[in-house]
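This is what each chain is made of:
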Amino acid sequence: MPAEHLVITLDGPAGAGKSTVAKALAIRLGISYLDTGAMYRALTLKALRLKMDLSDEEALTVLARNTKINFKEMPEGSLNITLDGEDVSVAIRALEVTNNTYYAARTPGVRTLMVGWQRAIGTSRSIVTDGRDQGTVVFKDARYKFYLDADLEERVERRYKELTAAGKGINLDQLRVDMKERDQKDLTRSVGPLKRAPDAILIDSTSLTAQGVVDKIMKLIQL
Ligand code: C5P
């Protein structure tokens, strides 16, 4: 019998604070943080570098099959993403990658592979995993599921501050348009759409700090 690993899923739209919360939660619990969005971003980065036609689902699926996406354990417990052995944790945050990831995310063959890789990680260790389909598709039987949401304006504001702090010049109105569009695409794709699992606890983080959300989750899971 394999040892039972703890899986906590955190789904929700962009800018709801999932990654900050998931990272902090993983540290508090001494388990790993799995950033599933990073996997779709990494494949997108590779396709962009190869100047591929991203709308070609067959080609993207073949590319995914021939790609090694792994995670490198960092001292603080987080997992840095590697693409064919290269640490791409910074490169995948480029705006061009963000705005083109929906192609990989909507491709069924790509999702099937990603879901398999994510499950393999979840069966090898205890994780806090964030994404769009973690509670609905990938880890349907997770012990704890959360859906983190926040008002659009708040999410835009947070993302704006994050990007500005990282030295990325960005126009606030354009960012709002991009985020709205990304939400829409994540909500309406036919495979693995952004959706709250019926048994996921909804947390509205609009007026909460990331620490406030972590405290709330810690109380709810009582580990
Ligand atoms: O979480 P992050 O914003 O980095 O994710 C980037 C994109 O990857 C999302 O907009 C979504 O389209 C896709 N994604 C997904 N399924 C996941 C995680 C992310 O489709 N589990």
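Our subject is the structure listed above.
Counting of residues starts from 1 at the beginning of each chain's written sequence and follows it residue by residue. Residues qualify for local features only when their pLDDT is at least 70, as the model is predicted, and side-chain atom pairs are given and counted only at 80 or more; totals for whole chains, interfaces and linings, by contrast, use all residues. Side-chain numbers here rest on the full set of heavy atoms in the structure, without hydrogens or water.

Visitor: Explain the packing of aromatic side chains residue by residue, including any values.
Guide: Two measures describe an aromatic ring pair: the distance that separates the ring centres and the angle between the ring planes. Stacked, tilted and edge-to-face are the three classes applied to pairs of Phe, Tyr and Trp rings, where Trp contributes its six-membered ring and a pair requires centres within 6.5 Å; stacked means planes under 30 degrees apart, edge-to-face means over 60, and tilted covers the rest. A full pass over the atoms with the stated rule returns one aromatic pair. Taking 4.3 Å as the distance between ring centres and 25° as the angle between the ring planes, the aromatic pair formed by Tyr 102 and Tyr 103 counts as stacked. Judged by relative accessible area, Tyr 102 falls into the partly exposed class, the value being 21%. For a lysine, the NZ atom is tested; for an arginine, the CZ atom; a charge sits over a ring if that atom is within 6 Å of the ring centre and within 35 degrees of the ring normal. Seen from the ring of Tyr 102, Lys 185 lies directly overhead, with NZ or CZ sitting 3.7 Å from the centre. When a residue's accessible area, from a 1.4 Å probe over protein chains only, is under 20% of the maximum for its type it is buried; when over 50% it is exposed; and in between it is partly exposed.

Visitor: Could you give an account of the side chain of Thr 67, naming the residues involved and the relevant values?
Guide: Helix numbers and strand numbers start at the N terminus; a helix is a DSSP run of H or I with at least 4 residues, a strand a run of E with at least 2. With respect to the helices, strands and loops of the structure, Thr 67 is situated in the loop between helix H3 (57–65) and strand S3 (69–73). Classification of Thr 67 by relative accessible area gives buried; the value is 5%. Polar contact is defined as a pair of N or O atoms within 3.5 Å, subject to the rule that within protein one atom must be able to donate a hydrogen and the other to accept it, and that residues adjacent in sequence are counted only when both atoms are side-chain atoms. Of the polar contacts made by the side chain of Thr 67, one reaches the side chain of Lys 46; its length is 3.0 Å. A distance of 2.5 Å separates the side chain of Thr 67 from the backbone oxygen of Leu 63, its partner in a polar contact. In this structure, Thr 67 is in contact with Leu 43, Lys 46, Leu 83, Asp 84 and Trp 117, ignoring residues within four places of it in sequence. Whether two residues touch is decided by their heavy atoms; if any such pair falls within 4.5 Å, the residues are in contact.

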